[in-house]
Structures are given as structure tokens and as C-alpha cells.
Amino acid sequence: DVKVTQSSRYLVKRTGEKVFLECVQDMDHENMFWYRQDPGLGLRLIYFSYDVKMKEKGDIPEGYSVSREKKERFSLILESASTNQTSMYLCASRITAGWEKLFFGSGTQLSVL
Amino acid sequence: AQKVTQAQTEISVVEKEDVTLDCVYETRDTTYYLFWYKQPPSGELVFLIRRNSFDEQNEISGRYSWNFQKSTSSFNFTITASQVVDSAVYFCALSEALGFQKLVFGTGTRLLVSP
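Thresholds applied
Residues numbered from 1 in each chain as written. Chains lettered and ligands numbered in written order. Predicted model: local features only at pLDDT ≥ 70, side-chain atom pairs only at ≥ 80, totals over all residues. Heavy atoms only, no water. Phe/Tyr/Trp six-rings, centres within 6.5 Å; stacked < 30°, edge-to-face > 60°. Buried < 20%, exposed > 50% of the residue type's maximum accessible area, 1.4 Å probe, protein only. Helix = DSSP H or I, 4+ residues; strand = E, 2+ residues; numbered from the N terminus. Pairing = 2+ DSSP bridges. Disulfide = S-S within 2.5 Å.

Topic: the packing of aromatic side chains
Enumeration according to the criterion identifies 20 aromatic pairs over all chains in this entry. Ring plane angle 15° and centroid distance 6.1 Å describe the contact between F33 of chain A and Y35 of chain A, whose orientation is recorded as stacked. Per residue, the accessibility class of F33 of chain A equals that of Y35 of chain A, and both read buried. A network of ring pairs unites the aromatic residues F33, Y35, F48 and F104 of chain A together with F35, Y37, F47, F91 and F105 of chain B as a single cluster.

Right under this line is the structure:
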């Protein structure tokens, strides 16, 4: 089975800190995604990557950046964390095409104080 | 632009009741893909079903069934004889067939099944 691993289940950071959220998948998937999940807003796409070193902005990229230096790893970076970035962050991957299902990690609950 | 609407925020039923979760979508594409995912209390989203825009055949899998109607842009999900283990948040999602094929989700419907 495909495994998508997010490095932390819970994370507490201070306002202004630089935060790295790491995601690793073990099935050679080309596409990887970062979503944030907030009550009443569902899952909103922050960034996605369709291949190594390739990235595209999603619907809410402001305040975030990403890095994909290796195929299996997709990092989400909060350059200067703010309280409105407190959320559940979900990483997902899929083989390549829009028809393919996404495999999700178990999420990182980030609290910015 | 794509959009997925799940108007039901939360539904509460008693075990063995049937329940339908609604999903309405918007897209300008003629080819697209629709999905349902389940998020149990543990948090990890799990894939349930996918449909492409050319396949309007309804599908049944055990107690689950899906009704896809292009005429109303809907892709509804029915659970027959619900069980406590069905309690979860259910998300409907839409993917383009061209371009970057990003997946857009609805806001989810929380289903609570009580014994």
C-alpha cells in the first residue's frame, strides 16, 4: 500500500517563526499536494507539484512556499508564521493523472501562538 | 472555474436509517472526474469512488451507492442501513481532465450515526 508520511502530527509554533512541514511518499508518485483543512471551509489547495522541482499555486498560496527537490518529498514552508495559519495541514500524492485517486497523510495540526 | 458544493454541513441519523449526502459541482470542462472521500475520526482521508464525466451509470458497492446526473450536475452518495462506523466527514471532489488536473474539494458533510 502507498504510504504518505507527514513528519509531525501536532506542532506548536510562535508568530514570526519559519515553519517546515514535511511530507514523504513511498510509491514513486509524480504529483503531490498540500491542502489545509478548516471547519466549514473543507479542504483548500495551497500548492501542488506535478514533478520534481515543478510547482503550481493552488487557491490559497499566500504566506506559503514549497520545495520539491526529490520525487518522494514535498515540503510546505511558512516563511513567517501567523495566527491565521493555525490549521490542519494535509499532504497527498497520486501517480500522475487527474483520474487517479489521491493518497493522504494523516495530517499535521499546526497551532501558531 | 471549478466548484463543488456540499450544502449539508452535518447530518444525524439513527443506525439502520438510509442517508443521502448531496454533491453539486460546477465546471466548464466536458471531461472531468468526480470523487468521494471519507475522513474518519482518525483524520486520514480515504478514497471511496471515482467517476468520469462520460459514465453516468450508477454504482453500488455493498451498502454504498452513488447517483451521477450530468443534467443536474450532481453526484450524490447514499448509505443504506447506516452503521455507527459510517460516522465520518465525507468529501466530494472534482478534477479537471486537462491542464494541471488539480483536485478541488467541497466543504464536507459530517455524518453522525447513533446507535
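So, next bit.
Focus: the pairing of strand β9 (residues 74–79) of chain B
All names here are of chain B. Extensive coverage of β9 is indicated by the burial of five of its six residues. Here strand β3 (residues 19–21) pairs with β9 via three bridges, running antiparallel. Opposite L21, over in β9, you have F77 as the bridge partner. When strand β8 (residues 64–69) meets β9, the two strands line up antiparallel, connected through six bridges. Within β9, the residue paired with Q69 across the bridge is S74.

Regarding the state of the cysteines
Residue and element names in this part refer to chain A. This model, assessed by the stated rule, comprises two disulfides over all chains. Residue C23 pairs covalently with C91 via a disulfide, S to S 1.9 Å. On the sign convention where negative means left-handed, the S-S torsion of about -80° between C23 and C91 marks this disulfide as left-handed. Taken together, the positions of C23 in strand β4 (residues 23–25) and C91 in strand β10 (residues 87–94) put the pair 68 residues apart, joining distant regions of the chain.

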